[in-house]
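The chain contents come next:
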Amino acid sequence: MELPFNIIDILQHIEAEPGILVAFAAFHPFVLLLLLIPVGIFKKLGIYKPAQKLGLFGFSVVVIMMVGWLMGFVSQILLMFMGVSGLKMLLIYFSMYFCIIAFVAVNVRGLKKKFDVDQLKKKVV
């Protein structure tokens, strides 16, 4: 069985240029914002009508992306300046995201209750 691309070349490129991993960690959430363009078009056409609330799954995705973006960029830039090799940086990045996803999946209800905007407004008033 063979992969359609050469993953060894990609890993060697990351090992040679760890700055690429730092750039990916810094800008990957902004690339996902490009997905909002077709969603906006579908909303205008009436094909897609999003719910007003995110729900547990949407909230989980937002928390994972935000925490992963902040922690990923900070950790990767620190590791690059400390001289850690690119492959170790990649493994740290993957393990960090795995831990964030596991934490959010286990604690999504508590996080949703803690950061629910409607609940916070009721407590203030």
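First, a word on scope: everything that follows refers to the structure included in this document.

**Some remarks on the packing of helix H1 (residues 7–16) against helix H5 (residues 86–114)**
Close contact between H1 and H5 brings their axes to 7 Å; oriented N to C, the two are set at 105°. If you check the angle between H1 and H5, you find them roughly perpendicular. Here Leu 11, Ile 14 and Glu 15 of H1 come into contact with H5, specifically with Gly 86, Leu 87 and Leu 90. Class assignment for the residues of the contact of H1 with H5 results in 4 nonpolar, 1 polar and 1 charged.

**A few points about the nonpolar core**
Here is a general trend for soluble globular proteins: nonpolar side chains tend to be buried in one another's company. Formed by Ala 25, Phe 59, Val 63, Ile 64, Met 65, Tyr 93, Met 96, Tyr 97, Ile 100, Val 104, Val 108 and Leu 111, the largest nonpolar core amounts to 12 residues. If you list the elements that add at least two residues to this core, you get helix H4 (55–81) and H5. With 7 residues, the single largest contributor to this core is H5. Setting aside anything within four residues of it in sequence, one finds Ile 100 in contact with Ile 64, Val 67, Gly 68 and Met 71.

**Structural notes on H5**
Between its first and last C-alpha atoms H5 spans 37 Å; for 29 residues at 1.5 Å apiece the expected length is 42 Å, and the helix comes up short by more than 12%. The principal kink in H5, of about 75°, is found at Asn 107.

What counts, and at which threshold
- Residues numbered from 1 in each chain as written.
- Predicted model: local features only at pLDDT ≥ 70, side-chain atom pairs only at ≥ 80, totals over all residues.
- Heavy atoms only, no water.
- Axes fitted to C-alpha atoms, helices over the stretch in contact; angles between N-to-C directions.
- Helix = DSSP H or I, 4+ residues; strand = E, 2+ residues; numbered from the N terminus.
- Parallel < 35°, antiparallel > 145°, perpendicular 65-115°, else oblique.
- Contact = heavy atoms within 4.5 Å.
- Nonpolar A, V, L, I, M, F, W, Y, C, P; charged D, E, K, R; others polar.
- Core = buried A, V, L, I, M, F, W, Y, C linked by side-chain atoms within 4.5 Å.
- Buried < 20%, exposed > 50% of the residue type's maximum accessible area, 1.4 Å probe, protein only.
- Expected span 1.5 Å × (residues − 1).
- Bend = angle between axes of the 7 residues up to and from the residue.

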